[in-house]
Amino acid sequence: MITVTINGTKITFVKPVTILEAARAAGIDIPTLCHHDALKPYGGCRLCLVEIEKVPRLQTSCSQQVSDGMVVRTETEKVVEARRAVLEFLLINHPLDCSHCDKAGECELQDLAVKYGPATGRFAESKRKYPENFEDPLIVRNRERCILCSRCVRMCDDVQGASALCVANRGSKAYVEPFSGGRYDCEYCGNCLSVCPVGAITSRLHRHGYRPWLMEREVATVCSYCGVGCSLVLQVRNNSVVRSVPGTDPGFNKGILCARGRFGYDCVNNGDKLSVPLMRRDGELEPVTWEEAITHIAHRLEEIKRDNGSDAVAGIISGRCTNEDAYVFQKFLRGAIGTNNIDSVAGLAYGPAQRFFERIFGQGVTANYVHGISNSDGIFVIGGDPTAVNPVLGLQIRSAHKKGVPVIVIGYPGGLKRFSKHTFITSSPAETVLLAALVSEVRQMKSFPGERPAFDEIISGLQPVPLKSAAEVGRFGLNELIDMANTLSNMTNPSIIIGRDIVQTSTGHMNLLFLAALAYLLNGKVYLLSELPNEQGLLDMGCQPDMLPSGRPLAIESFRKRCEETLGIVLPSTPGLDYAEMIEAAHVGKIKALYVMGEDAALSLPDTNYVRDALRNIEFLVVQDRFLTETARHADVVLPALSWAEKEGTYTNLERRIQLTRKAVEGEGIEEWKIISEISKILGLDTGYRDVTDVFAEITRISHIYREVTHDHIAGGKCMWPYGGGPLRHDAHIEGVDLPDIISVMKNSEAGGVHVRREAHLFHSQNASRFSPALQSISPEPYVKMSEILADRLSIRSGDYVKVSTEAGSITLAAYRDPCLPENIVLIPPFEKGGIFEVTKWKVNPLINVPVLDGSRATIGE
């Protein structure tokens, strides 16, 4: 035990802490400027100096550890005089512009100057002068206000891992500058804004429009951009979100945000939001009343059901809808319409991947803590760049790398370029061959765990693939591949991180089998990257054509009957169509009515022209969304919905952590669940819900997993799987897993040409970022990335516009050279116009029923 006395108060600790930490534990304030809880002790500003008994000089409390019997004084005359002198030096060049500085009211230097002085300065020299820098679209730099605490540089280096900032020059001429010079060339996480104690780095989004005392309220909620679900606070004035900041309670994201969470809130304030329902009349969408729109929808659905049967109606829901929205939507389709034709964006990759792993290992196998990644003894990444898909999760990989944990990346590394020990980029078929070879190699070095004899038998039956074959197919160096296989085999508890790009391929089912084998042999934890905030919630709420809420199979009669008894309705027993099957059925006229809630199908699926033709072929299309999206432009009725900041509800993140979303501003639309309830009522299903708590209460009654969960429980921040209930008893169904024909894959991989592959984009997230002016300003147009070898051969420079042509179509894009890419791979991100979906042909992997993104060969020219 360690006992220390601070200002006469005795405090006891079990393990050593710094004096600053000890003082804060006792409620004693010690001023700092360079210290930040997210950063390592620095001791640069000297404001945290304290007096220690029997120590002749003042010591920095942020870096000095306590020892047993230590006596510390924090506010002696000597200490106060030292702090006053430090502040006097800082104010020599600091401008006295508090009245119009955006940091006024929350400036740490301002607070300390008020507390300690000095009242006047003794230096007669003129202050240094620098113009403010406005070259960046989002961030303003004011060098005059900078006190060189280096918080921003250390945050960028040590926590974010972007290393985009530096301290340039020395002495009195030193200043903080991005390495790129004028405009930032970084990940735009904005965490430098959070840690800056003064007004040296500020946001342009609320420049001269923000003061903390003018905010009417602050609402703690979660981010709605990806499946990590970071905690944040929305600051509101005049029914408008003025700023998004990490919460004072840092949450599991520990006070860190990404570009989308930091700057993407402006989509909530976008003036193009829909405010009234629209109905198509004489070929044009015209404003109508809510009553007219809802009544028309109910009557048309009833007509189509009567004339064509219940299964002529289908529904698709977005991953931005809450759990309550999703639950009511599936209940509406099953109870009021009588169909199981319901699916979501989760059905395109996340859902099939999770189902495959749960089929082998049991329910909840992918429910792993994000922070567990940095504690693994190895990390294997495939199918997408985590720093772009789930940026805060990606930081855990960077953190692990700094600890010496080996990181292996299969695919384009993106933000992991400097953090991976081994990186292999190749075509989709070659990735499958590589996975097969790795399984062959690992099973020779590792003994079977013996926990699942049936799976042992499947792994034993896999066709051996030598590393030499994988090296030839993927155009890899054999020695490097051997090193990677050895690194992988030495892992005993790795994190295996899987993105959608390895699932949405012609060999996606094989890839999942090989990845399951690696997880089994290496005792690995599986993480599925999730591009939207509530993909997991959609699955848990039963937005699947063959599953009921809480993952209960529709085919098991006892589960279905229990739901019917609880709800007092009859549920259809025949499995419905999934997302891909709905589009194909619409294309041939089998789907007569489609209800789309928040999803922009026209721009989020391969082969844009094919999907648009399918939407045009639907007799009655209803779209419920915040904006007039491309899908909404094809609709017969468009209903204004609300953003996540305009309603209450819950999200379930990729860890299966349930979190509350809270209303920050009033919207002009109506909650999704309430709209569906009104339509259901006209169709004879009166839900009786008054608010979201009523909806969630019914979810707890119908699902054994949620039976002990309440909104108060969720608000505590620790509502993790299995939520006090328990997963379903699991009987492995791996007898239906087909052994892959790897020889045919190897033959297919020999096809030449340039392969077009998808790149996840850090600053874009489907239609949410599309309506965010801030995110659009960072990266406003689509592009194609290619290798320097290919660019040299075609005489293409970065910034040149080139034509990319495939069998699906042609688009003209700005070209960028990337030294990481091999000659036969080009990358195109998914954009509203000119994205990868316009040059990808419609094709479905029939074994896991997902539209695939591979197989497109491109020609590139001017």
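Residues numbered from 1 in each chain as written. Predicted model: local features only at pLDDT ≥ 70, side-chain atom pairs only at ≥ 80, totals over all residues. Heavy atoms only, no water.

Some thoughts on the overall build of the protein chain
Along the protein chain, the regular secondary structure elements total 27 helices and 36 strands. For 862 residues, the compact-globule formula gives about 29 Å, and the C-alpha radius of gyration of the protein chain, at 29 Å, lands near that figure. Here the protein chain holds 862 residues, and the buried ones make up 63% of them. Restricting to contacts in the protein chain with at least 6 residues of sequence separation, those with at least 24 account for 71%. Per element, the accessible surface of the protein chain, about 33100 Å² overall, is 49% carbon and sulfur. Of the side chains in the protein chain, 93 bear a positive and 103 a negative charge, and the two mean positions are spaced by 6 Å. (Helix = DSSP H or I, 4+ residues; strand = E, 2+ residues; numbered from the N terminus. Rg over C-alpha atoms; globule rule 2.2 N^0.38 Å. Buried < 20%, exposed > 50% of the residue type's maximum accessible area, 1.4 Å probe, protein only. Contact = heavy atoms within 4.5 Å. Areas by Shrake-Rupley, 256 points an atom, 1.4 Å probe, with all protein chains shown as cover. Lys, Arg positive; Asp, Glu negative; His and termini not counted. Charge placed at Lys NZ, Arg CZ, Asp CG, Glu CD.)

Structural notes on the pairing of strand S26 (residues 637-640)
Along S26, one buried face is formed by Val637 and Leu639 and the opposite face, lined by Val638 and Pro640, is buried too. Bridge analysis of strand S25 (residues 620-625) against S26 gives four bridges, and the strand direction is parallel. Within S26, the residue paired with Asp625 across the bridge is Pro640. (Pairing = 2+ DSSP bridges.)

A look at the domain arrangement of the protein chain
Segmenting the protein chain into domains produces domain 1 (2-75), domain 2 (123-269), domain 3 (278-346 + 534-715), domain 4 (377-523) and domain 5 (752-860). Between the C-alpha centres of domain 1 and domain 4 the distance comes to 46 Å. (Domains from an automatic or database assignment.)

Quick word on the packing of helix H7 (residues 290-308) against helix H21 (residues 672-682)
Contact geometry of H7 with H21 gives a least axis separation of 9 Å together with a crossing angle of 55 degrees. Comparing the axis directions of H7 and H21 gives the class oblique. Crossing of H7 over H21 shows right-handed handedness. Only Ile675, Glu678, Ile679 and Ile682 of H21 make contact with H7, whose side of the interface consists of Trp290, Ile294, Thr295, Ile297, Ala298 and His299. (Axes fitted to C-alpha atoms, helices over the stretch in contact; angles between N-to-C directions. Parallel < 35°, antiparallel > 145°, perpendicular 65-115°, else oblique. Left-handed = near helix turned anticlockwise from the far one by under 90°.)

Remarks on the environment of Lys331
Among the secondary structure elements, Lys331 is positioned in helix H8 (residues 323-337). Sequence spacing of Lys331 and Arg300 is 31 residues, and the spatial spacing of their C-alpha atoms is 19 Å. Dropping the residues within four chain positions of it, Lys331 is found in contact with Ala336, Leu567, Ile569, Leu685, Thr687, Tyr689 and Glu698. Looking at Lys331, its side chain comes within polar contact range of the side chain of Tyr689, at 3.0 Å. (Polar contact = N/O pair within 3.5 Å; in protein donor to acceptor, adjacent residues only side chain to side chain.)

Remarks on the packing of helix H2 (residues 77-90) against helix H3 (residues 108-116)
Interhelical geometry of H2 versus H3 gives an angle of 130 degrees and a closest axis separation of 10 Å. Judged by the inter-axis angle, H2 sits oblique to H3. In this structure, H2 meets H3 at a crossing whose hand is left-handed. Residue-level contacts link Val80, Arg83, Arg84, Leu87 and Leu90 of H2 to Leu109, Leu112, Ala113 and Tyr116 of H3.

Digging into helix H9 (residues 350-361)
Here H9 is twelve residues long and its end C-alpha atoms lie 16 Å apart, about the 16 Å a rise of 1.5 Å per residue gives. Burial runs high along H9: ten of the twelve residues are buried. Taken as a whole, H9 has its buried residues at Tyr350, Gly351, Pro352, Ala353, Gln354, Phe356, Phe357, Glu358, Ile360 and Phe361. For H9, the secondary structure elements touched by its buried residues are helix H13 (453-460), strand S20 (495-498), helix H16 (508-522), strand S21 (525-528), helix H17 (535-540) and strand S35 (850-851). Looking one or two residues past H9, Gly362 carries a phi angle of roughly 105 degrees, positive in sign. (Expected span 1.5 Å × (residues − 1).)

Notes on the sheet that holds strand S18 (residues 407-410)
Judged by pairing direction, the sheet is parallel, and its five strands sit side by side in the order S19-S18-S17-S20-S21 without closing on themselves. Because the sheet does not close on itself, it has two edges, and the strands there are strand S19 (422-424) and S21. Looking at each pair of strands side by side, their axes are set apart by 15 degrees on average, direction ignored. In terms of strand pairing, S20 meets S21 through four bridges, oriented parallel. Within S21, the residue paired with Ile496 across the bridge is Val526.

Describing the side chain of Glu535
Within the fold, Glu535 resides in helix H17. One buried charge, Glu535, has no salt-bridge partner; the nearest side chain with opposite charge is Arg500, at 6.3 Å. (Salt bridge = Lys/Arg side-chain N within 4 Å of Asp/Glu carboxyl O.)

As for the packing of aromatic side chains
Evaluated as defined, the whole model comprises 18 aromatic pairs. Between Phe455 and Tyr520 the ring centres are 5.3 Å apart and the planes differ by 65 degrees, which places this aromatic pair in the edge-to-face class. Of the two residues, Phe455 sits in helix H13 while Tyr520 sits in helix H16, which places them 65 residues apart along the sequence. The two residues Phe455 and Tyr520 agree in class, both being buried. When the ring of Trp721 is compared with that of Tyr723, the centres are 5.9 Å apart and the planes differ by 85 degrees; the resulting orientation is edge-to-face. Judged by relative accessible area, which is 16%, Trp721 ranks as buried. Chaining the aromatic ring pairs together yields one cluster made of Phe696, Tyr706, Trp721 and Tyr723. In this structure, Arg143 is placed above the aromatic ring of Tyr175, and the distance from its NZ or CZ to the ring centre is 3.7 Å. Here Arg243 stacks its cationic end above the ring of Tyr210, 4.0 Å away from the centre of that ring. (Phe/Tyr/Trp six-rings, centres within 6.5 Å; stacked < 30°, edge-to-face > 60°. Lys NZ or Arg CZ within 6 Å of the ring centre and 35° of its normal.)

Topic: the sheet that holds strand S11 (residues 231-237)
Whenever strands of a sheet pair, they do so through backbone hydrogen bonds, lying parallel or antiparallel. Taken together, the three strands give an open sheet; going across it, the order is S10-S11-S12, and neighbouring strands pair in antiparallel fashion. In the strand order of this sheet, the two ends are held by strand S10 (217-222) and strand S12 (240-245), each with one partner. Neighbouring strand axes in the sheet, compared pairwise and without regard to direction, differ in orientation by 30 degrees on average. In terms of strand pairing, S10 meets S11 through six bridges, oriented antiparallel. When the sheet's bridge partners are listed, Glu218 is paired in S11 with Gln235.

As for the environment of Glu177
One can find Glu177 in strand S8 (residues 175-178). Those residues in contact with Glu177 that lie beyond four places of it in its chain are Arg141, Ala164, Leu165 and Cys166. In terms of polar contacts, Glu177 uses its side chain to reach the side chain of Arg141, at 3.3 Å.

Re unusual backbone geometry
With omega at 0 degrees, the peptide bond leading from Trp721 into Pro722 counts as cis. Take Pro722: it is sitting in the loop between helix H23 (711-715) and helix H24 (742-748). A positive phi angle, close to 65 degrees, is found at Ser150, a residue other than glycine. Relative to the assigned elements, Ser150 resides in the loop between strand S6 (139-141) and helix H4 (151-160). In this model, Ser550 sits at a positive phi of 65 degrees, which is unusual for a non-glycine residue.

Digging into the nonpolar core
Counting 140 residues, the largest nonpolar core has Phe380 and Phe455 as the members making the most contacts within it. When residues of this core are assigned to their parent elements, the largest contribution, twelve residues, is made by H16. Listed in part, the 61 residues of the second largest apolar core include Val288, Leu538, Leu639 and Trp721. (Core = buried A, V, L, I, M, F, W, Y, C linked by side-chain atoms within 4.5 Å.)

Some remarks on the pattern of salt bridges
Evaluated as defined, the whole model comprises 43 salt bridges. Residue Asp325 pairs with Lys647 through a salt bridge whose shortest N-O separation is 2.9 Å. Taken together, the positions of Asp325 in helix H8 and Lys647 in the loop between S26 and strand S27 (649-652) put the pair 322 residues apart, joining distant regions of the chain. Considered together, Asp325 and Lys647 belong to a single accessibility category, that of buried residues.

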